[in-house]
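# Observations on the model geometry
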Amino acid sequence: MTDGGAVRRMLLTNVGELVTNDPADGRDGGPLGIVRDAAVLVEEGRIVWVGPAAHAPSQLDAVRHEREDRRAGDEHRAAWDSDVEVVDLGGRAVIPGFVDSHTHLVFGGDRAEEFAARMAGRAYEAGGIRSTVAATRAATDDELRARLAGFVAELRRQGTTTFEIKTGYGLSVADEARLARLAAEVTDEVTFLGAHVVPFEFREPDGPGADAYVDVVVGEMLEACAPHARWVDAFCERGAFTEAQSRRVLEAGRAAGLGVRVHGNQLGEGPGVRLAVELDAASVDHCTYLTDEDVAALAGSSTVATLLPGVEFSTRQPYPDARRLIDAGATVALASDCNPGSSFTSSMPFCIAVAVRDMGMTPAEAVWASTAGGAVALRRTDVGTLRPGSRADLAVLDAPSHVHLAYRPGVPLVAETWKDGVRVA
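Compared with an ideal rise of 1.5 Å per residue, which puts twelve residues at 16 Å, helix H5 (residues 173-184) spans 17 Å between its outermost C-alpha atoms and is within 8% of the ideal. For H5, the elements touching its buried residues are helix H3 (129-138), helix H4 (141-157), strand E7 (160-166), strand E8 (189-195) and helix H6 (210-225).

Right under this line is the structure:
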């Protein structure tokens, strides 16, 4: 509510192309549900109407009469705000805000030297995570919080309005708990990833081993992190955790009330996808190496295949075959996997461009996957679309069409980002 009890209402108009992700009769773009020469009516941070700009005046009248009828006779009703703020977007394209469903934004240090060495020919290995663990443990809360704030601002400038953050760079009870707590200060989508890699103090031959570490993860570490988290995840991969160890972690997290996510099939074929589908995980992420059975399992399930093209760009692995998954009927999302080791990018437009260029996606499929697809991967229905009831989270492009996100790679096309009806970048 605004001062004096008036409802905050805003009309975004002169939208050249509006991507709603809400297909309907008369709309172009298939699943994108495109409305041309469009307008969006926002009330208290939620969308109440979208449609042709020419219809906006009559829609405003309808909304006004509805509110007056509803409040008639109430002596203490909120005042009707007859002044609707009108924002002219100058014929630019508008899309839902990006939903980045896979990031690792709370960490210390960086791994630029590792990246340079890899570009000179050294292969990527999951063990590089341990150097970030050491830097993260050494950082103070204030240092981590300040860096996290910088990353959030970076996301906003690039059109991301909803984002998930994983723990996984603490790998002790106290450090994982503080990463979960810090992440929860900036997002509702926090994932407990204690099962990222086995920390050095548990590694054999000198340490007690991976199974002993899993005992900690499913015990006191989960207990400390679960109050700050919505999800549990495990890196089911060679060099990280076996299927049996991953299952223990995921089932314990689920028993604690957390939703399930999985890192799987990044470095080679393996059990990650099958485990994710079996446990009804919301998403299995990476999916770089898939068998026909994996693809069929994803297509027949509600588990989203979340693809992370920044990883393959930064590690020179083969790109996942999005075309194969989409043609089979699987739901595909795109996410940044922003992390210091294998994908230090927070740019969803960059991921879209790479997915179109190297993964067999059309521009429309890539935009859908980075907005609505990410929402499905987080099992959210209030973001990733622009339709009545959705949050007014959107990105205004300095371009006439969503196609330009892939057509003009590397160009900062996001002119404005709106979160809950407020311009945040």
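From this point on, the discussion continues.
Glancing now at unusual backbone geometry. The general pattern is negative phi for most residues beyond glycine and trans for most peptide bonds. The linkage connecting Glu 204 with the following residue, Pro 205, adopts the cis geometry, with an omega of 10°. Summarising the element assignment, Pro 205 is placed in the loop between E8 and H6. In this model, Glu 44 sits at a positive phi of 50°, which is unusual for a non-glycine residue. Mapped onto the fold, Glu 44 is located in the loop between strand E2 (34-43) and strand E3 (46-52). Its identity is not glycine, yet His 286 carries a phi of approximately 105°, on the positive side. Position of His 286 among the secondary structure elements: in strand E11 (residues 283-286).

If you walk through the whole model with that rule in mind, you get seven aromatic pairs. A centroid spacing of 6.1 Å and a plane angle of 75° characterise the contact between Phe 107 and Tyr 169, whose relative ring orientation is edge-to-face. With a gap of 62 residues between them, Phe 107 in the loop between strand E6 (98-100) and helix H2 (112-119) and Tyr 169 in the loop between E7 and H5 connect regions that are remote in the sequence. The burial state of Phe 107 is the same as that of Tyr 169; both residues are buried. Relative to Phe 344, the ring of Phe 151 has its centre 5.9 Å away and its plane inclined at 70°; by these criteria the two rings are edge-to-face. One end of the pair, Phe 151, is in helix H4; the other, Phe 344, is in the loop between strand E13 (332-334) and helix H12 (348-358), and 193 residues separate them in sequence. Taken together, the ring pairs connect Phe 107, Phe 151, Tyr 169 and Phe 344 into an aromatic cluster. It is Arg 261 that lies over the ring of Trp 231; its NZ or CZ is 4.5 Å from the centre.

So, on to helix H13 (residues 363-370). Within H13, burial applies to Ala 366, Val 367, Ala 369 and Ser 370. Taken around the axis of H13, the buried residues stretch over an arc of 165°, which confines them to a single face.

So, about the pairing of E2. Among the ten residues that make up E2, eight are buried, leaving the element largely enclosed by the rest of the structure. Relative to E2, strand E1 (residues 9-19) runs antiparallel, the two being bridged by eight bridges. If you follow Val 19 over to E2, its bridge partner there is Ile 34. Turn length for the E2-E3 hairpin, with the two strands adjacent in sequence and antiparallel, is two residues, and the turn residue Glu 44 shows positive phi of about 50°.

The next thing to look at is the pairing of E3. Relative to E3, E2 runs antiparallel, the two sharing six bridges. From the neighbouring strand, Val 42 faces E3, where its bridge partner is Ile 47.

As a further point, take the packing of H6 against helix H7 (residues 243-255). Two elements in contact, H6 and H7, have axes separated by 10 Å at closest approach and are oriented at 5°. Judged on the interaxial angle alone, H7 and H6 are roughly parallel. In this structure, H6 uses Ala 210, Asp 211, Val 214, Asp 215, Val 217, Val 218 and Leu 222 to contact H7, whose residues at the interface are Gln 245, Arg 248, Val 249, Ala 252 and Gly 253. When its residues are assigned to classes, the contact of H6 with H7 shows seven nonpolar, two polar and three charged.

Here we come to the environment of Phe 163. With respect to the helices and strands, Phe 163 occurs in strand E7. Classification of Phe 163 by relative accessible area gives buried; the value is 2%. Between the C-alpha atoms of Phe 163 and Val 173, which are ten residues apart in sequence, the distance is 24 Å. Other than its neighbours up to four places away in sequence, Phe 163 contacts Asp 100, Leu 105, Val 152, Leu 155, Arg 156, Val 186, Thr 187 and Glu 189.

What follows covers the layout of surface pockets. Empty space within the second largest pocket amounts to approximately 250 Å³. Taken together, 14 residues line the second largest pocket, and the ones lying closest to its centre are Ser 347, Pro 349, Gly 410, Val 411 and Pro 412. For the lining of the second largest pocket, the leading source of residues is H12, giving three residues. For the lining of the second largest pocket, a count of residues per class yields nine nonpolar, three polar and two charged.

Taken as a whole, the protein shows an average pLDDT of 93; of its residues, 93% reach a score of 70 or greater. Highest mean pLDDT in the protein belongs to E6 (99); lowest belongs to helix H1 (residues 56-71) (70). The low-confidence segment residues 73-81 (pLDDT under 50) makes 16 contacts with residues lying over four places distant or belonging to another chain.

With respect to the secondary-structure elements, Thr 20 resides in the loop between E1 and E2. A polar side-chain atom of Thr 20 sits 3.0 Å from the main-chain amide nitrogen of Asp 22. A polar atom in the side chain of Thr 20 sits 2.7 Å from the backbone oxygen of Gly 33. Contact partners of Thr 20, with chain neighbours within four places excluded, come to Arg 27, Leu 32, Gly 33, Val 35, Val 50, Pro 96, Thr 385 and Leu 386.

Definitions and cut-offs
- Residues numbered from 1 in each chain as written.
- Predicted model: local features only at pLDDT ≥ 70, side-chain atom pairs only at ≥ 80, totals over all residues.
- Heavy atoms only, no water.
- Helix = DSSP H or I, 4+ residues; strand = E, 2+ residues; numbered from the N terminus.
- Expected span 1.5 Å × (residues − 1).
- Contact = heavy atoms within 4.5 Å.
- Phe/Tyr/Trp six-rings, centres within 6.5 Å; stacked < 30°, edge-to-face > 60°.
- Buried < 20%, exposed > 50% of the residue type's maximum accessible area, 1.4 Å probe, protein only.
- Lys NZ or Arg CZ within 6 Å of the ring centre and 35° of its normal.
- Arc of directions from axis to C-beta.
- Pairing = 2+ DSSP bridges.
- Axes fitted to C-alpha atoms, helices over the stretch in contact; angles between N-to-C directions.
- Parallel < 35°, antiparallel > 145°, perpendicular 65-115°, else oblique.
- Nonpolar A, V, L, I, M, F, W, Y, C, P; charged D, E, K, R; others polar.
- 1 Å grid on protein atoms, 1.4 Å probe; cavity = no way out; pocket = protein on both sides within 12 Å on 5 of 7 lines; lining within 4 Å.
- Points joined across faces, edges and corners; volume = space filled by probe spheres on them.
- pLDDT = per-residue confidence, 0-100.
- Polar contact = N/O pair within 3.5 Å; in protein donor to acceptor, adjacent residues only side chain to side chain.

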